[in-house]
Amino acid sequence: MSRTTKREVIVQRIKTVNLLEKELHKIHKAQAELGYLELEKPVRDGWIKTFKLRDDILRSKRSKVFQEVLESVIQEIWGREKRYADKRWKEFFSKHNRNFQRPGIRRLNEKQFCKLSTKAQKCFIKRKRKTYGGYKNIYSCILPRYYFIISYRRAYITKRRIISPILESREQEIMEILANPNYRSYSVYYNYNYRLNYNPNKSDRRKIKVLLAKIKECKTEWK
């Protein structure tokens, strides 16, 4: 198979993958629009690990302010059992530490900070974070660590997602096609980095650069 033919095959496969992934996106959107079915009776479902105010802090005069701050910064982690919640807690915050001061306590962005009461806002310090477009403000909680203690509470399912068997079946079909060796390498569901870096015109651009370099050399020799 010639290089040109091989390139054409790759481009065609990517087009096929793009169409399938667009269809998947539509399926996910349609599934989401089906909504949820409220359960008559909540179903017990594991544990949630998070923080709560320490008892003596909860009895203090400013407990309402501290509670508002706590609710704005805490992250909840679910687990089937407490030990699994502990494991997921450790894994989650080891991977997603950029937006957190420490495990379980997040930093706030401008929008989140502005929703707080004036008294609660005084419990934060503003910092600058460098981004691709410049800088943005982030807000870190300055309350002492001992104000918050680890807490576990029972988790319950109060509603279930409505699922369309037809949409679910088609989604499975598409995922099986994308898992095929001919398409797997080009799908964002299996190889995200490839889609970020692949450019079907890359080889053509290289040829053009080489040609331009040769033309430049010839011009230099004839001067």
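Note: the structure precedes this text.
Residues numbered from 1 in each chain as written. Predicted model: local features only at pLDDT ≥ 70, side-chain atom pairs only at ≥ 80, totals over all residues. Heavy atoms only, no water.

Our focus in this paragraph is the overall build of the protein. The helix and strand inventory of the protein stands at 10 helices and 8 strands. Taken across its 223 residues, the protein has 26% of its residues classed as buried. Once local pairs closer than 6 in sequence are excluded, the contacts in the protein between residues at least 24 apart make up 70%. (Helix = DSSP H or I, 4+ residues; strand = E, 2+ residues; numbered from the N terminus. Buried < 20%, exposed > 50% of the residue type's maximum accessible area, 1.4 Å probe, protein only. Contact = heavy atoms within 4.5 Å.)

Next up on the list: the pairing of strand β7 (residues 134–141). As paired elements, strand β5 (residues 108–109) and β7 share 2 bridges and run antiparallel to each other. By the bridge assignment for β7, Asn-109 is matched with Ile-138. Here strand β6 (residues 124–131) pairs with β7 via 8 bridges, running antiparallel. The partner of Lys-128 across the bridge, within β7, is Asn-137. (Pairing = 2+ DSSP bridges.)

What follows is about a nonpolar patch on the surface. Side chains of Leu-34, Leu-37 and Ile-162 sit close together on the surface and give an oily, nonpolar patch of about 250 Å² of accessible area. Mapped onto the elements, Leu-37 comes out in strand β1 (residues 36–53). (Patch = residues over 30% accessible without salt bridge, like charges linked within 9 Å, V, L, I, M, F, W, Y side chains within 5 Å. Areas by Shrake-Rupley, 256 points an atom, 1.4 Å probe, with all protein chains shown as cover. Salt bridge = Lys/Arg side-chain N within 4 Å of Asp/Glu carboxyl O.)

This part takes up the packing of aromatic side chains. Evaluation of the coordinates by the stated rule reveals 10 aromatic pairs. Seen in terms of ring centroids, Phe-51 and Trp-89 are 5.8 Å apart; in terms of plane orientation they differ by 70°. Their pairing is edge-to-face. Here Trp-89 lies in helix α4 (residues 82–95) and Phe-51 lies in strand β1, a separation of 38 residues in the sequence. One aromatic cluster is present, built from ring pairs that chain together Phe-51, Trp-89, Phe-92, Phe-93, Phe-100 and Phe-148. When the ring centre of Trp-47 is taken as origin, the NZ or CZ atom of Lys-82, which lies over that ring, is 4.6 Å away. Between the NZ or CZ atom of Lys-159 and the centre of the ring of Tyr-36, over which it lies, the distance is 4.7 Å. (Phe/Tyr/Trp six-rings, centres within 6.5 Å; stacked < 30°, edge-to-face > 60°. Lys NZ or Arg CZ within 6 Å of the ring centre and 35° of its normal.)

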